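Coordinate analysis (summary)
Single-letter residue listing:
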Amino acid sequence: MPPSPPALDLDTLRRYALARSLFRPTSLPQAIARLGFVQADPMRAPARAQDLILMHRVRGYRAGDLERRYPRLPVEEDCLVNYGFVPRSSLALLHPRQPRKPWDAKTTAQAQQLLAVVRERGPTHPKQLLEDFAHHGRMPGYWGGTLNVSTQLLDGLHYRGLLRVKRRDQGTRVYEAIEHPEVDESPAARRARAEALLDQVLALYAPLPAASFGYLTSLLGYGAPHLRAETRAAFKAAKQRYAHASLEGETWFWPADDKPLSRRHQAPPGLRCLAPFDPVVWDRRRFERFWGWTYKFEAYTPAAQRSMGHYALPLLWGEAMIGWANLRVEQGRLQHELGFVSGRRPAGAAFRLALDEALTGMSEFLGL
């Protein structure tokens, strides 16, 4: 008799999730195209989230490569479910973006003044505008203090698709004006764009529990607020568009042409320090289903209340998520503090070797 086909269970889905997300390292453009979105974060602990995400998926990647090569890549800084980097081809799905809250007449006039200057000058550093538009004044900041109104207007023009990030100078966005082509606004075309965005989100984070897929659908209201109704309708039809199965009373979704039961899916070898926003760990609900413990991102938690650390990086060893690492650079050397779910460090030479290789790889990635 032929062998019985493997059963679809959480172990199988976990292995499938790891294999499809941590694919064989490739070139930077191909990795971004395959991911479809790389979430960005300004913290360096010990590197920015986008760099920590790409180091596992790009051959020979070094921290800062994305920023250095960005002007020559078919990539844009923009919004999807969060702020990050998308393939330039995705702009046709996201723009023209219509924010949920339009500017009032005064703010619109101020923004148009800024936009006119950028159009005239070409690529423009915000510092070049702050003196000219100092009369715009300051406004309350989100986390206390005040912010320059002109800087916020530039952010708003970028979000609305009237400016793009040409490059970064020491981390600061340099803007240039952009015009997006008109798009078909018929109901069928809008529905098709919404479905394509949902496809992109599922392809990045699959397999997903239904609740997590629904949450990501709501987050698309950030990148495509003008398609909110259409993305919600597309999610309601998810069972007609995507492969799915029920496990332990919960429906899971993945792209229709994927085969989670394939025996080719194998967890990548070695020990990896994953970014808090890595696609493997981004969905905390799925994380807990797969590994049986709760991972916490505590960068904004008061130090005295942290249980894992300021910027704990989940530790993936094979297909086991065994704990977390806090990494920092002191006097040009990488320092590490580890925590383990079991309460103790794995014994044996295999883990010592895996840890040495991971830390050596991280040091090379950081250019130490």
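Everything in this summary refers to the structure shown in the same document.

So, on to unusual backbone geometry. For the peptide bond that leads from His95 to Pro96, omega is 0°, which places it in the cis range. Here Pro96 shows up in the loop between α5 (91-94) and α6 (105-121). Cis geometry marks the peptide bond from Ala206 to Pro207; its omega dihedral reads -5°. Mapped onto the elements, Pro207 comes out in the loop between α9 (187-205) and β8 (208-209). One non-glycine residue, Gln170, lies in the positive phi region at around 50°. Secondary-structure assignment places Gln170 in the loop between β6 (163-169) and β7 (172-177). For Gln170, a relative accessible area of 85% gives the class exposed.

All right, on to α9 then. The terminal C-alpha atoms of α9, which comprises 19 residues, lie 27 Å apart, in line with the 27 Å expected from a rise of 1.5 Å per residue. Among the residues making up α9, those that are buried are Ala189, Arg190, Arg193, Ala194, Leu197, Leu198, Gln200, Val201, Leu202, Leu204 and Tyr205.

Bringing the nonpolar core into the picture now. In terms of nonpolar packing, the biggest core is built from 109 residues, with Leu52, Leu54, Tyr205, Trp291, Met321 and Met362 touching the most fellow members. Here this core takes eight residues from helix α14 (residues 349-366), the largest share from any one element. For Leu54, the residues in contact, after removing those within four places along its chain, are Leu28, Ile32, Leu35, Val38, Tyr61 and Leu66.

Here helix α1 (residues 10-21) crosses helix α13 (residues 284-291) at 125°, and the two axes come no closer than 9 Å. Accordingly, the angle class assigned to the pair α1 and α13 is oblique. Note on packing geometry: the crossing formed by α1 with α13 is left-handed. Here Leu10, Leu13, Arg14, Ala17 and Leu18 of α1 come into contact with α13, specifically with Arg286, Arg289, Phe290 and Trp291. Looking at the contact of α1 with α13 residue by residue, the classes come out as six nonpolar, no polar and three charged.

Criteria and thresholds
- Residues numbered from 1 in each chain as written.
- Predicted model: local features only at pLDDT ≥ 70, side-chain atom pairs only at ≥ 80, totals over all residues.
- Heavy atoms only, no water.
- Helix = DSSP H or I, 4+ residues; strand = E, 2+ residues; numbered from the N terminus.
- Buried < 20%, exposed > 50% of the residue type's maximum accessible area, 1.4 Å probe, protein only.
- Expected span 1.5 Å × (residues − 1).
- Core = buried A, V, L, I, M, F, W, Y, C linked by side-chain atoms within 4.5 Å.
- Contact = heavy atoms within 4.5 Å.
- Axes fitted to C-alpha atoms, helices over the stretch in contact; angles between N-to-C directions.
- Parallel < 35°, antiparallel > 145°, perpendicular 65-115°, else oblique.
- Left-handed = near helix turned anticlockwise from the far one by under 90°.
- Nonpolar A, V, L, I, M, F, W, Y, C, P; charged D, E, K, R; others polar.

Any functional reading would require information beyond the geometric quantities listed.
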